[in-house]
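Notes for the structure review
Each chain, written out:
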Amino acid sequence: MAPVELRQLRYFVAVAEELNFGRAAERLLIAGPSLSQQIKALERDLGVRLFDRDRRKVSLTPAGAALLPHTRALLDRADDLKRRAGRLSGSQAVRLGYVNWLPADLMSRTAAVAQVHIDAWVAPSHTQAARVADGSLDLAVCWLRTEDLQRLGLRARLIGADRLYAVSRGGDSGDVPEVTARDTDVLVDDDLTAWAAWNVYAEELAQATGARTVRISDGAITGPAFFDHVRRCTRPVVNSPKGQTSPIPPDLVRREIVAPKVYWTWSLVWREKEDRAGVQAVVDALCEGVGDLGIHAPDVWLPADDPYAKPSDLR
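One numbering rule holds for all chains: residues counted from 1, following each sequence as written. At least 70 in pLDDT is required for a residue's local features to be given in this predicted model, at least 80 for side-chain atom pairs to be given and counted, and no such filter applies to totals for whole chains, interfaces and linings, which use all residues. Side-chain numbers here rest on the full set of heavy atoms in the structure, without hydrogens or water.

1. Remarks on the side chain of Ser125
- Within the secondary structure, Ser125 sits in helix 6 (residues 125-133).
- Polar contact is defined as a pair of N or O atoms within 3.5 Å, subject to the rule that within protein one atom must be able to donate a hydrogen and the other to accept it, and that residues adjacent in sequence are counted only when both atoms are side-chain atoms. A polar atom in the side chain of Ser125 sits 3.0 Å from the backbone nitrogen of Trp143.
- In contact with Ser125, other than residues within four places in its own chain, are Val99, Cys142, Trp143, Ala197 and Trp266. Note on conventions: DSSP H or I runs of at least 4 residues are helices, E runs of at least 2 residues are strands, and numbering of each starts at the N terminus. Any pair of residues with heavy atoms lying within 4.5 Å of one another is described as a contacting pair.

2. Some words on the packing of aromatic side chains
- Only Phe, Tyr and Trp rings are paired, with Trp represented by its six-membered ring, and only when their centres lie within 6.5 Å; those with planes under 30 degrees apart are stacked, over 60 edge-to-face, the remainder tilted. All chains considered together, the criterion is met by 11 aromatic pairs.
- Between Trp198 and Trp264, the ring centres sit 6.0 Å apart and the planes meet at 35 degrees, which makes this aromatic pair tilted. One end of the pair, Trp198, is in helix 8 (residues 192-209); the other, Trp264, is in strand 13 (residues 261-271), and 66 residues separate them in sequence.
- A residue is classified by how much of its surface remains accessible, and Trp264, at 4% relative accessible area, is buried.
- Taking 5.5 Å as the distance between ring centres and 70 degrees as the angle between the ring planes, the aromatic pair formed by Phe226 and Phe227 counts as edge-to-face.
- Through successive ring pairs, a cluster of aromatic residues spans Trp101, Trp143, Trp198, Tyr201, Trp264, Trp266 and Trp301. Per-residue accessibility, obtained with a 1.4 Å probe over protein chains only, is compared with the maximum for each type, and a residue is labelled buried under 20%, exposed over 50%, and partly exposed between these values.

3. Topic: the confidence of the model for the protein chain
- For every residue, the predictor reports its confidence as pLDDT, a number between 0 and 100. Scored by pLDDT, the protein chain comes out at a mean of 91, with 94% of its residues at no less than 70.
- When the elements of the protein chain are averaged for pLDDT, helix 4 (residues 62-89) gives the smallest value, 84, and strand 5 (residues 139-142) the largest, 98.

4. Regarding unusual backbone geometry
- The omega torsion of the bond from Ala259 to Pro260 falls at 5 degrees, within 30 degrees of zero and hence cis.
- Relative to the elements of secondary structure, Pro260 occurs in the loop between strand 12 (252-258) and strand 13.
- Backbone geometry at Ala259 places phi at a positive 50 degrees, although glycine is not the residue there.
- Position of Ala259 relative to the elements: it lies in the loop between strand 12 and strand 13.
- Unlike most non-glycine residues, Leu293 shows phi in positive territory, near 60 degrees.
- Examined against the element boundaries, Leu293 turns out to sit in the loop between helix 10 (277-287) and strand 14 (300-301).

5. Focus on the environment of Arg72
- If you trace the backbone, Arg72 turns up in helix 4.
- Look at Arg72 and you get partly exposed, because its relative accessible area is 34%.
- Separated by 56 residues in the primary sequence, Arg72 and Gln128 have C-alpha atoms spaced 35 Å apart.
- Excluding its chain neighbours within four sequence positions, the residues that come into contact with Arg72 are Val13 and Glu17.

6. Considering the pairing of strand 9 (residues 185-189)
- Here strand 9 lies mainly inside the structure; five of its five residues are buried.
- Here strand 9 shows two buried faces, one formed by Asp185, Leu187 and Asp189 and the other by Val186 and Val188.
- Pairs of strands are assigned from DSSP output, requiring at least two bridges between the strands. The sheet contact formed by strand 9 and strand 10 (residues 212-216) spans five bridges and is parallel. Of the residues in strand 10, the one forming a bridge with Asp185 is Arg212.
- Handedness of a crossover is defined as follows: with both strands directed away from the viewer, a clockwise route from the first strand across the helix to the second makes it right-handed. In this region the chain leaves strand 9, passes through helix 8 and returns to the parallel neighbour strand 10; the handedness of that crossover is right-handed.

7. Observations concerning the pattern of salt bridges
- Within this document, salt bridges are pairs made up of a side-chain nitrogen of Lys or Arg and a carboxyl oxygen of Asp or Glu, the two lying within 4 Å of each other. Per the counting criterion, the structure on display carries 27 salt bridges.
- A salt bridge links Arg276 to Asp138, with the nearest nitrogen and oxygen atoms 2.4 Å apart. Taken as a pair, Arg276 in the loop between strand 13 and helix 10 and Asp138 in the loop between helix 6 and strand 5 lie far apart in primary sequence, 138 residues in all.
- Of the residues examined, Arg276 reaches a relative accessible area of 28% and is grouped as partly exposed.
- Accessibility expressed as a relative area gives 1% for Asp138, which makes it buried.
- In this structure, Arg231 engages Asp228 in a salt bridge whose closest nitrogen and oxygen atoms are separated by 3.0 Å.

8. What about the packing of helix 1 (residues 6-18) against helix 3 (residues 32-46)?
- The axes are straight lines fitted to the C-alpha atoms, using for helices just the contacting stretch, and the angles between their N-to-C directions are given from 0 to 180°. Following both chains from N to C, one finds helix 1 and helix 3 inclined at 110 degrees, their axes separated by 10 Å at the closest point. Taken together, the axis directions place helix 1 and helix 3 in an arrangement best described as roughly perpendicular. Taking contact as the criterion, the partners of Arg7, Gln8, Leu9, Tyr11, Phe12 and Val15 in helix 1 are, on helix 3, Leu35, Gln38, Ile39, Ala41, Leu42 and Asp45. Roughly parallel covers angles under 35 degrees, roughly antiparallel covers those over 145, roughly perpendicular covers 65 to 115, and oblique covers all other angles.

9. As for the pairing of strand 3 (residues 93-98)
- When strand 3 meets strand 4 (residues 115-118), the two strands line up parallel, connected through four bridges. Directly across from Arg95, in strand 4, lies its bridge partner His117.
- Both strand 3 and strand 5 contribute to a ladder of three bridges, which runs parallel. Its bridge partner lying in strand 5, Gly97 is registered against Ala140.

Following this line, the structure appears as structure tokens:
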């Protein structure tokens, strides 16, 4: 049997999936006659006919149908080999941006696969996503909706999740009671340059759960000014992901939000057309084994257009 090229096997899979040489050629970005010649060469080299074709239709032969799953598996193994080779090279520089959170073990996870450079410009989610889309960054850790990914031509994988809580004025000593989402306030800031993603999230949270939005114009979604708003509000105030690690003043208390539990997801995003093995190797290294981080529990709320939301998630 003559040697078979992986390129020809990819052509075979494309035609088998389209069952139309014209559409398959467009998908593969090659000329139709060239695709037909390559399929004939593959059939000759394999010694079997893969397709029955006439002027009206194309169909797989029994031999073609039998070989198709094995061909897909072979191509998957070839792609995996390419990714693993990219990981071992460790020579590619990958630029990564973020908002305020990164995995604590990022460098140890990626050291063997690429030279990851953390961008010094810490910016909001929508800004970092746009920088990935225009090529200023290779990767970013940020919050995006599915519609944002589609509009910007990005792909995403779950890398982290924060369960949000509320902060309120302190009461009597002892256990701090939980608070239902509908009995909380959520701040919405007029500054769309800094808080566009949070505002979208907060307003959907309020609409879905009955929480009350409180409009502000001082950028106090986080930091000391946030706690000043808590002191002025009559209800517990939802804490943003940027305030997850801020120490709570002694006159205030943290209260867990229930019915539902409220989660914010962090995505690792990259360009759909990204073809560098080093970038994909970093994605695999950082996201492998992450799991669902509790976001698919039956009492969890995620925005409807969150990339990881399922139909069963509370809205």
